[in-house]
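One letter stands for each residue in the lines below.
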Amino acid sequence: MAGGKAAQTVPQAAIPMDQLLRCVHCGLCTSACPTYLELGNEADSPRGRLYLMRAVAEGRLEWTADVVGHLDLCLECRACETACPAGVPYGQLLEAARADIARTYRRPWRERLLLALLRDMLFPYPGRLAAALRPVRSLRGALKRLAGLLPGDVRRMLALLPPGAPSACPPLPSVIPAQGLRRYRVALLTGCVAQVLFPEVNWATARVLAANGCEVVVPARQGCCGALHLHSGAREAARAFARRNVAAFDLDDVDAVITNAAGCGSTLKEYGHLLQDDAAASQAARFAGKVRDVAEFLAGIGIVPPAQPVHRVVAYHDACHLAHGQGIRSEPRQLLRAIPGLRLVELPGADHCCGSAGLYNILQPAMAARLLEKKIAAIASTGADTVATGNPGCLMQIAKGLRERGLAVDVRHPVELLAEAYGFSRAGDLSTGDDSSTRGARAGA
Amino acid sequence: MRPRAGLDGRVLARLAEIVGPEHVLVGNSATLVYECDGFTLERQAPAAAVLPGSAAEVAQVVRVLHAAGIPFVPRGAGTSLSGTTIPPHDAVIISLARMNRILHLDFRNRRAVVEPGVVNAWISREAAPRGYLYAPDPSSQAACTIGGNVGTNAGGPHTLKYGVTVNHILGVELVLPDGQVVELGGPVEDLPGYDLVGLVTGSEGTLGIVTKIVVRLVREPEGCRTLLAVFDSVDDATRTVSGIIEQGIIPAALEMMDNLVIQAVEEAFGFGFPLDAAAVLIIEVDGLEVGLDEQAEACAAICRANRARELRTAATEEERRLLWMSRKKAFGALGRLAPSYVTQDGVVPRTRLPEMLALTAEIGRKYGLRIANVFHAGDGNIHPILLYDERNPDEVRRVIQASDEILSACIDMGGSITGEHGVGIEKVSHMRRMFSEADLAAMLDVRAVFNPRGLCNPGKIFPSPGGCVEVQRPRRPAPA
Ligand code: SF4
Ligand code: SF4
């Protein structure tokens, strides 16, 4: 039952009231919200959360532990934006509210420590992440035996790591030439988590783009997109990352900025909004205008029909930040359907969140586990041997769920399947030294 | 943070024992979100909200509250447009949101058994692969619950042909306001004895809380044709409606949207409505494939005869889906035009639609309000939507006056103050104008049989019986 912590004052204008007022309280978003469907509490629905934000903005409530708790439980999956007829920019409002919370509400030390460690020190920096993971992975066996002694947060992070040795893909070269006639020149965002944990996805992306006449450049000075910061209220840090990226890409030189991570893509596309009052505002808006998800871009230019059959039954899971965040639903399916031999089956509730949601599965393990369980059950019901999804967080989360259930289902990014269909085997052709560690399938590995 | 009087620690502890402490919500921040539903002109936070997980828990919760003399209000998704779930200040909200399982789909007998918190659209979604659907399709069907549909006897575009909720409910399990559980109706049609299912359907939660519902599944029609007719005058559109009905054609749906609505839904969904049209009609005919084209053509001819400037047919299922989504989410889309709105729900004889629309426009002018119109033209059920800014108390007052005038006009024309949204808290004051004291007394007698102490959803539907205070409390405008 509810109790309150010491309240803190909130500057009135921190959450844009005009945007909050767009919510007409119709409730059409409630049935789209994963946390509401699980808990049934209005305060854990989009409408309820907006109501709480508004109550704080109007001074009827303050940021107390329970109010903040309802906002923390939000996945920022933005399914509510898809459902909302009034066009309430829920994601932006939540980000504003979270920034306000970060400014004015003092979290318990444990939460602060975890955020500082993961969000501020580790995840955005591929070098550090890789360095941190190396001993973890080689000591996995030992750590497993020690599992009982480790704090829950650490255990949950370990459970997310793909089994087996880390992939030995070399880093991408700075330019990958187009195969055949060059039709486009594109820049690739390599991501931070993806780069370390799924280097083969970046390779597959580059290969598939090249196979479709794209010269791919990999700007050296790019960094984290800032999504984790933006979603957890560290707006200034997110803006710093955005500025750095805007400067790192030579926009005159490329037709598009490509990402294969849904979460990064939806943040990159919002750089214009994020930096609207910044010196780099117009550059940021231009940058945002050039960002394309890899599936969106490929479907847009029309792909060279792949020749190599890929005999798989594939269920496609819509990453929230593709489907709800960027409205990209048909494109990945269209690409998968173009692969000979591949049978695409409909996944029930394909666009329901899997519970990954950035750092959510570490910070909100109970809800994340409930959503993952549903997702895995839905996957199992399709009889598919492969799940395809366009976001590294979902790849990790779903693979973990499948491992835990002992299901032999592969988890792949759609571009990996396309790469296979273009004849790049995971074993060697993707890069020179890929050792092809498999994800997902190895139950109990 | 202390619970209000009446609901003391002992009662709360009992409730927590029944549903689990995490499902008993008390304290400002927890109850605030329950202070209104889809109707936001009035607000009142409950003393507490409980979220039972089963029918047995509902019954136990009700028993405890009944024994303690604490009023309670059932709530589904909270999409009511008439404030049916707005509680008196000392009441407990009983939310059925956790009871959202489809218990049984029985295609051979064409029925489904569901819990009250099941979302309307889920039933058709689950039944579709077998070629069945649940026919009543209120505009909020993507979110509203079957329990709430039973409460308000919900309608929807397709009820013109298929009937409203009551025609599709075979039986319910009802927790009476004293906590007893009764089964009404059942799988067999036309049971002997009183038709209590009919009585409970539309009773707005004043006779008890429905905890299980047996609904009818109907076969999906073999085919359908969906037309969009564009008009340069609202009059022409309404004359078309009368023309179609007079010809004896019963379309599955016959819906009208006026210019303001077209602007909003076009911005929201980009269907491709012409932004300068005065009105559009959505006309759908369905049934056996044979003859459908002729029926569609007959409707098209009537449109043309009434100066439709353009006629389109949904070419694909995807186009039809988008057209219907645009129509069904029209209310919400109006949120793009103003911070708040109130949706009225009047009924007039179909022949008086043009007159009623003209009057609505005049009322809008008189009070300086923008009023949008989207409605089920086929059955004369109008939904004037009054746009306003809830931070402007003067505008709020004008909205209330204009609403009252619109509803009074409906009564004067021989219609009704609600077609499908229910009376709720909003239209209580109009009941005296619609019914004689004797009529009302008869209804209140019925309520007294089920709900003698008036604990179950007090203050709804009826004007103060014998001075029941809660219905007389003045309208409390939204906080500025
Ligand atoms: S659907 Fe949109 S307008 Fe309706 S309650 Fe949800 S956020 Fe508000
Ligand atoms: S973002 Fe997702 S979890 Fe958050 S309120 Fe919207 S639908 Fe619910």
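Predicted, not measured: the structure shown is a model, and the values here were computed from it.

K.L.:
Quick question: what am I supposed to make of the interface of chain B and chain A here?
P.N.:
When the parts of a complex come together, some accessible area is lost, and that lost area is often taken as the interface size. Contacts between chain B and chain A engage 46 residues on the former and 36 residues on the latter. Summed over both partners, the interface of chain B with chain A comes to about 3200 Å²; 58% of that surface belongs to carbon and sulfur atoms. Counting every contact that joins chain B to chain A gives 3 salt bridges. A salt bridge links Glu390 of chain B to Arg54 of chain A; the shortest N-O distance between them is 3.0 Å. On inspection of chain B and its partner chain A, the count reaches 13 residue pairs in polar contact (both at pLDDT 80 or more).

K.L.:
Is there a simple way to think about helix α14 (residues 235–248) of chain A in this case?
P.N.:
In an α-helix, one turn spans 3.6 residues; hence positions three or four apart end up facing the same way. All names here are of chain A. Between its first and last C-alpha, α14 extends 20 Å over 14 residues, near the 20 Å set by a 1.5 Å rise per residue. Considered for burial, the residues of α14 that qualify are Ala238, Arg239, Phe241, Ala242, Asn245, Val246 and Ala248. Along its buried surface, α14 packs onto α13 (227–231), α16 (271–274) and α17 (281–290).

K.L.:
What am I meant to see in the site of ligand 2 here?
P.N.:
Lining the immediate environment of ligand 2, one finds Cys33, Pro34, Pro46, Arg49, Cys74, Leu75, Glu76, Cys77, Arg78, Ala79, Cys80 and Tyr90 of chain A. Residues of the shell around ligand 2, tallied by class, amount to 9 nonpolar, no polar and 3 charged.

K.L.:
Can you walk me through the domain arrangement of chain A in this structure?
P.N.:
Residues and elements named next belong to chain A. Splitting chain A by domain gives domain 1 (17–104), domain 2 (109–160), domain 3 (175–299) and domain 4 (305–438). Of the residues lining the interface, 10 residues belong to domain 2; the matching set on domain 4 comes to 10 residues. At the boundary of domain 2 with domain 4, total buried surface from both sides reaches about 890 Å², with 78% on carbon and sulfur atoms. It is Arg156, Ala159 and Leu160 that lose the most area in domain 2 upon contact with domain 4, and together they represent 60% of the buried surface on that side. In this structure, the connection of domain 2 to domain 4 is made through 0 salt bridges. The interface formed by domain 2 and domain 4 includes 0 residue pairs in polar contact (both at pLDDT 80 or more). Among the secondary structure elements, those contributing two or more residues to the side of domain 2 that touches domain 4 are α7 (109–122) and α10 (152–160). With 5 residues, α10 is the single largest residue contributor to the side of domain 2 that touches domain 4.

K.L.:
It is not clear to me how the pairing of strand β9 (residues 181–185) of chain B should be interpreted in this structure. Could you clarify?
P.N.:
All names here are of chain B. Here 5 bridges tie strand β8 (residues 169–175) to β9, and the two strands are oriented antiparallel to one another. Bridge pairing in β9 links Val172 to Leu184. Following β8, the chain reverses through 5 residues before pairing antiparallel with β9; Gly179 in that reversal takes a positive phi of roughly 95°.

K.L.:
Whenever I open this one, the packing of helix α18 (residues 294–301) of chain A against helix α20 (residues 330–337) of chain A confuses me. Can you help?
P.N.:
All names here are of chain A. Where α18 contacts α20, the two axes come as close as 8 Å, and the packing angle between them is 65°. For the pair α18 and α20, the sense of crossing is left-handed. The segment α18 lies against α20, with Ala295, Glu296, Leu298 and Ala299 engaging Glu331, Pro332, Gln334 and Leu335. Residues that form the contact of α18 with α20 fall into these classes: 5 nonpolar, 1 polar and 2 charged.

K.L.:
I keep staring at the domain arrangement of chain B and nothing clicks. Help me out?
P.N.:
Assigned domains of chain B: these are domain 1 (102–219), domain 2 (223–332) and domain 3 (338–412). Summarising the inter-unit geometry, the C-alpha centres of domain 1 of chain B and domain 3 of chain B are found 30 Å apart.

K.L.:
Please clarify how the site of ligand 1 should be interpreted in this entry.
P.N.:
Around ligand 1, the structure places 13 residues, and the nearest of them are Cys23, Cys26, Gly27, Cys29 and Cys84 of chain A. By residue class, the composition of the shell around ligand 1 is 10 nonpolar, 2 polar and 1 charged.

K.L.:
Any chance you could explain the environment of Thr152 of chain B here in plain terms?
P.N.:
All names here are of chain B. You can see Thr152 is positioned in helix α5 (residues 146–152). With a relative accessible area of 19%, Thr152 lands in the buried category. The spacing of Thr152 and Leu25 is 127 residues in sequence and 26 Å in space, taken between C-alpha atoms. Once you skip the residues sitting within four places of it in the chain, Thr152 turns out to touch Thr84, Gly202, Glu420 and His421.

K.L.:
Is there a simple way to explain the sheet that holds strand β7 (residues 343–345) of chain A in this structure?
P.N.:
Strand pairing in a sheet relies on backbone hydrogen bonds. The paired strands run either parallel or antiparallel. Residues and elements named next belong to chain A. As summarised here, the arrangement of the 4 strands in space is β7-β6-β8-β9, forming an open sheet in which the pairing is parallel. Edge strands, defined here as strands with exactly one partner in the open sheet, are β7 and β9 (410–412). With direction set aside, neighbouring strand axes in the sheet form an average angle of 30°. Pairing of strand β6 (residues 313–316) with strand β8 (residues 386–388) involves 3 bridges; the strand directions are parallel. Bridge pairing in β8 links Ala315 to Val387.

K.L.:
What's the story with the environment of Leu52 of chain A in this structure? I'm lost.
P.N.:
Looking at the secondary structure, you find Leu52 of chain A in helix α3 (residues 46–57). Assessed through its relative accessible area of 0%, Leu52 of chain A is described here as buried. Sequence separation of Leu52 of chain A and Val67 of chain A is 15 residues, and the distance between their C-alpha atoms is 7.0 Å. When sequence neighbours within four positions are dropped, the list of residues in contact with Leu52 of chain A reads Ala43, Leu61, Val67 and His70 of chain A together with Ser29 and Val33 of chain B.

K.L.:
Can you walk me through the side chain of Arg43 of chain B in this structure?
P.N.:
Its place among the elements puts Arg43 of chain B in the loop between α2 (28–32) and β2 (48–50). Taking relative accessible area as the criterion, Arg43 of chain B reaches 4% and is therefore assigned buried. A polar side-chain atom of Arg43 of chain B sits 2.8 Å from a polar atom in the side chain of Tyr51 of chain A. In terms of polar contacts, Arg43 of chain B uses its side chain to reach the backbone carbonyl oxygen of Thr40 of chain B, at 3.3 Å.

K.L.:
What exactly am I supposed to notice about the state of the cysteines here?
P.N.:
Put plainly, two cysteines are in a disulfide when a covalent bond ties their sulfur atoms together. Residues and elements named next belong to chain A. In this structure the tally under the stated criterion is 0 disulfides over all chains. Here Cys394 stays free of any disulfide, with the sulfur of Cys354 as its closest cysteine sulfur at 4.1 Å. Residue classification places Cys394 among the buried residues on the basis of a relative accessible area of 6%.

K.L.:
Please clarify how the sheet that holds strand β5 (residues 291–293) of chain A should be interpreted in this entry.
P.N.:
Residue and element names in this part refer to chain A. Within the open sheet, the 5 strands sit side by side as β1-β3-β2-β4-β5. Their pairing is mixed. Of all strands in the sheet, those bounded by a partner on one side alone are β1 (175–176) and β5. As judged from the 4 bridges shared by strand β2 (residues 184–188) and strand β3 (residues 214–217), these two strands associate in the parallel manner. Looking at the pairing, Ala187 lines up with Val217 of β3. Strands in contact with α17 are β4 (256–259) and β5; relative to β5, the strand with the most contacts, it is inclined by about 25°. Lying over the sheet, α18 contacts β2, β3, β4 and β5, oriented at roughly 90° with respect to β5.

K.L.:
Looking at this model, I keep getting lost on the packing of helix α8 (residues 234–246) of chain B against helix α10 (residues 292–305) of chain B. Mind explaining?
P.N.:
Packed helices, taken two at a time, are described by the angle their axes make and the gap between the axes. All names here are of chain B. Orientation of α8 relative to α10, taken along the N-to-C sense of each, is 140°, at an axis distance of 9 Å. The orientation of α8 relative to α10 falls into the category oblique. In the packing of α8 onto α10, the handedness of the crossing is right-handed. Between α8 and α10, the contacting residues are Thr240, Gly243 and Ile244 on the first element and Cys299, Ile302 and Cys303 on the second. Across the contact of α8 with α10, the residue classes tally to 4 nonpolar, 2 polar and no charged.

K.L.:
Help me out: how do you make sense of the packing of aromatic side chains in this one?
P.N.:
What characterises a pair of aromatic rings is the spacing of the ring centres plus the angle enclosed by the ring planes. Throughout the structure, instances matching the rule amount to 5 aromatic pairs over all chains. Ring geometry for Tyr184 of chain A versus Phe297 of chain A: centroids 5.6 Å apart, planes at 75°, classification edge-to-face. In this pair, Tyr184 of chain A sits in strand β2 while Phe297 of chain A sits in helix α18, placing the two residues 113 residues apart along the sequence. By relative accessible area, Tyr184 of chain A is classed as partly exposed at 25%. Both rings, one in Tyr271 of chain A and one in Phe287 of chain A, keep their centres 5.3 Å apart while their planes meet at 20°; by these two values the pair is stacked. Residue Tyr271 of chain A is found in helix α16, and its partner Phe287 of chain A is found in helix α17; the two are separated by 16 residues along the sequence. A relative accessible area of 0% means that Tyr271 of chain A is categorised as buried. These aromatic residues form a ring-pair network of at least three members: Phe249, Tyr271 and Phe287 of chain A. Across the ring face of Tyr132 of chain B, the terminal group of Arg219 of chain B is positioned such that the distance to the ring centre comes to 4.6 Å.

Cut-off values and rules
Residues numbered from 1 in each chain as written. Chains lettered and ligands numbered in written order. Predicted model: local features only at pLDDT ≥ 70, side-chain atom pairs only at ≥ 80, totals over all residues. Heavy atoms only, no water. Contact = heavy atoms within 4.5 Å. Buried area = accessible area lost by both parts, 1.4 Å probe. Salt bridge = Lys/Arg side-chain N within 4 Å of Asp/Glu carboxyl O. Polar contact = N/O pair within 3.5 Å; in protein donor to acceptor, adjacent residues only side chain to side chain. Helix = DSSP H or I, 4+ residues; strand = E, 2+ residues; numbered from the N terminus. Expected span 1.5 Å × (residues − 1). Buried < 20%, exposed > 50% of the residue type's maximum accessible area, 1.4 Å probe, protein only. Near = heavy atom within 4 Å. Nonpolar A, V, L, I, M, F, W, Y, C, P; charged D, E, K, R; others polar. Domains from an automatic or database assignment. Pairing = 2+ DSSP bridges. Axes fitted to C-alpha atoms, helices over the stretch in contact; angles between N-to-C directions. Left-handed = near helix turned anticlockwise from the far one by under 90°. Disulfide = S-S within 2.5 Å. Parallel < 35°, antiparallel > 145°, perpendicular 65-115°, else oblique. Phe/Tyr/Trp six-rings, centres within 6.5 Å; stacked < 30°, edge-to-face > 60°. Lys NZ or Arg CZ within 6 Å of the ring centre and 35° of its normal.

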